[in-house]
Amino acid sequence: VQLVESGGGLVQYGGSLRLSCAGSGFTFSSYGMSWYRQAPGKERELVASISSAGGTIDYAGFVKGRFTISRDNAKNTVYLQMNSLKPEDTAVYYCNVPRRNYWGQGIQITVSS
């Protein structure tokens, strides 16, 4: 099983980034997917979740209206579009399969003020 995140980096306040997470080694389309993040000195927190077919989506309150989770089951990929980024969004972002407790390696997002 592999979950490989990409698309991270450094962005200025108010900018945008799109994260991708490509899954392999399991039946991607059968599982809901989530994005988590962990800032320095803080606990890992849930950012957004999407059901297996994409029909059910949930967001943490701190990203509602700014982030969009989506998936393409034909490409075994889940995305996180992040707009209006703030310095407090700086964290390592992780892709997750909740039912199997699979985790990606994480990718750094840094938002400068």
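Shown above is the structure to which this text applies.
Residues numbered from 1 in each chain as written. Predicted model: local features only at pLDDT ≥ 70, side-chain atom pairs only at ≥ 80, totals over all residues. Heavy atoms only, no water.

### What to know about the pairing of strand β4 (residues 33-38)
As defined by bridge partners, β4 adjoins strand β5 (residues 45-50) across five bridges and the pair is classed as antiparallel. Residue M33 lies in a different strand from β5, and its bridge partner there is I50. From the end of β4 to the start of β5, which pair antiparallel, there are six residues, and G41 there has a positive phi angle of about 75°. As paired strands, β4 and strand β9 (residues 91-97) are joined by five bridges and run antiparallel to one another. Paired with W35 across the bridge in β9 is C95. (Pairing = 2+ DSSP bridges. Helix = DSSP H or I, 4+ residues; strand = E, 2+ residues; numbered from the N terminus.)

### Here's the deal with the nonpolar core
Soluble globular proteins tend to pack their nonpolar side chains together in the buried interior. Counting residues in each nonpolar core, the largest one holds 29 residues, and the members touching the most others are W35, V78, L80, M82 and Y93. Every element with two or more residues in this core is listed here: β3 (17-24), β4, β5, β7 (67-72), β8 (77-82), β9 and β11 (107-112). No other element matches the four residues that β9 contributes to this core. (Core = buried A, V, L, I, M, F, W, Y, C linked by side-chain atoms within 4.5 Å. Buried < 20%, exposed > 50% of the residue type's maximum accessible area, 1.4 Å probe, protein only.)

### Focus: the sheet that holds strand β1 (residues 2-6)
In any sheet, the strands associate via hydrogen bonds between backbone groups, in a parallel or an antiparallel arrangement. The strand order β1-β3-β8-β7 describes an open sheet built from four strands, whose pairing is antiparallel. Two strands lie at the open edges of the sheet, namely β1 and β7, each paired on one side alone. In this sheet, adjacent strand axes meet at a mean angle of 15° when their direction is disregarded. (Axes fitted to C-alpha atoms, helices over the stretch in contact; angles between N-to-C directions.)

### Some details on unusual backbone geometry
Of note in the backbone geometry, N76 takes a positive phi value of approximately 55° without being a glycine. Topologically, N76 is positioned in the loop between β7 and β8. Exposure remark for N76: the relative accessible area of 28% places this residue in the partly exposed category. Unusually for a residue other than glycine, N101 sits at a positive phi of about 55°.

### Some thoughts on the packing of aromatic side chains
A full pass over the atoms with the stated rule returns five aromatic pairs. Taken together, the ring pairs in this structure connect F26, F28, Y31 and Y102 into an aromatic cluster. A cation sits over an aromatic face here: R44 above Y94, 3.8 Å from the ring centre. Its guanidinium or amino end placed over the ring of W103, R44 lies 4.6 Å from that ring's centre, counting from NZ or CZ. (Phe/Tyr/Trp six-rings, centres within 6.5 Å; stacked < 30°, edge-to-face > 60°. Lys NZ or Arg CZ within 6 Å of the ring centre and 35° of its normal.)

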